[in-house]
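Fold and geometry: a report
Below are the chains, spelled out letter by letter.
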Amino acid sequence: MKYLSEEYDAKGQLRLPFLFWLLLLLQARTWLLLVMAGASRQQGNDLLALFYPDRQSFWLGLELGIPAAIGLLLTGYRQRWPRLWQSWRHVLSASLLVSLLWQGSSLLQGAFPDSPLPLLLTLFDLLALFWLQTQPRLRDCFLPEHQQVE
């Protein structure tokens, strides 16, 4: 057995690392912002305008956050849909790569942001992509042979 028995849950699945949950929240940040804007009705438009002054980037952020939102839902169905779950790591990586390419192209076009927050988020996206591809335990969480305690 590659991992200790404490690293498996009651269903026999290898527990997902805490940073994976943060990675999903990072990717679904536009969806989280939309929920927060909906919860604060008076300041909702101001909040969205603060983070997304351009409506087109808001819609693109929602689209790029869909794989992470679906990934949050799929974590509970890892045993029921193992092939879908196994491929979802690649879907999340592709979504991060598209997000990085979009952010890089906007920077190359001279759209430098007024605040350092978009640059910081780009750095976090780059680190998340690297971690998603190189973390052995996370990779094992997506493999069916590591889903059951022996």
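Scoring rules and cut-offs
- Residues numbered from 1 in each chain as written.
- Predicted model: local features only at pLDDT ≥ 70, side-chain atom pairs only at ≥ 80, totals over all residues.
- Heavy atoms only, no water.
- Axes fitted to C-alpha atoms, helices over the stretch in contact; angles between N-to-C directions.
- Helix = DSSP H or I, 4+ residues; strand = E, 2+ residues; numbered from the N terminus.
- Parallel < 35°, antiparallel > 145°, perpendicular 65-115°, else oblique.
- Contact = heavy atoms within 4.5 Å.
- Nonpolar A, V, L, I, M, F, W, Y, C, P; charged D, E, K, R; others polar.
- pLDDT = per-residue confidence, 0-100.
- Salt bridge = Lys/Arg side-chain N within 4 Å of Asp/Glu carboxyl O.
- Buried < 20%, exposed > 50% of the residue type's maximum accessible area, 1.4 Å probe, protein only.
- Left-handed = near helix turned anticlockwise from the far one by under 90°.
- Core = buried A, V, L, I, M, F, W, Y, C linked by side-chain atoms within 4.5 Å.

Some words on the packing of helix 2 (residues 29-39) against helix 3 (residues 44-51)
Two numbers describe how helix 2 lies on helix 3: the axes approach to 7 Å, and their chain directions differ by 155°. It follows from the interaxial angle that helix 2 and helix 3 lie roughly antiparallel. Facing Leu33, Met36 and Ala37 of helix 2, the residues of helix 3 in contact are Gly44, Leu47, Leu48 and Phe51. Classifying every residue of the contact of helix 2 with helix 3 gives six nonpolar, one polar and no charged.

Side note on the confidence of the model for the protein chain
For the protein chain, per-residue confidence averages 84 on the pLDDT scale, and 92% of positions sit at 70 or higher. The lowest-confidence element of the protein chain is helix 3, averaging 76 in pLDDT; the highest-confidence one is helix 1 (residues 18-27), averaging 92.

Concerning the side chain of Ser57
On the secondary structure map, Ser57 appears in helix 4 (residues 55-74). When neighbours within four sequence positions are excluded, Ser57 is seen to be in contact with Tyr52 and Trp102.

Observations regarding the pattern of salt bridges
Scanning all chains against the criterion turns up three salt bridges. Taking the shortest distance from any N to any O, the salt bridge between Lys2 and Asp140 comes out at 2.9 Å. Taken together, the residues Lys2 in the segment before helix 1 and Asp140 in helix 7 (residues 136-141) connect sequence positions 138 residues apart. Relative accessible area serves as the criterion here: at 55%, Lys2 is assigned to the exposed category. Look at Asp140 and you get buried, because its relative accessible area is 4%.

With respect to the packing of helix 1 against helix 4
Running from amino to carboxyl end, helix 1 crosses helix 4 at an angle of 145°, the nearest separation of the two axes being 8 Å. Crossing geometry of helix 1 relative to helix 4 is assigned as left-handed. Seen from helix 1, the contacting residues are Trp21, Leu24 and Gln27; seen from helix 4, they are Leu64, Gly65, Ala68, Gly71 and Leu72.

Some points on the nonpolar core
In terms of nonpolar packing, the biggest core is built from 23 residues, with Leu16, Phe20, Trp85, Leu92, Leu132, Leu138 and Phe142 touching the most fellow members. Among the elements of the structure, helix 1, helix 4, helix 5 (82-108), helix 6 (117-134) and helix 7 are those that each provide at least two residues to this core. The greatest single-element share of this core, amounting to five residues, is contributed by helix 5. Excluding anything up to four places from it in sequence, Trp85 contacts Leu16, Phe20, Gly71, Leu74, Thr75, Arg78, Cys141 and Phe142. Grouped together as the second largest cluster of nonpolar side chains are six residues, Ala37, Leu48, Tyr52 and Phe58 included.

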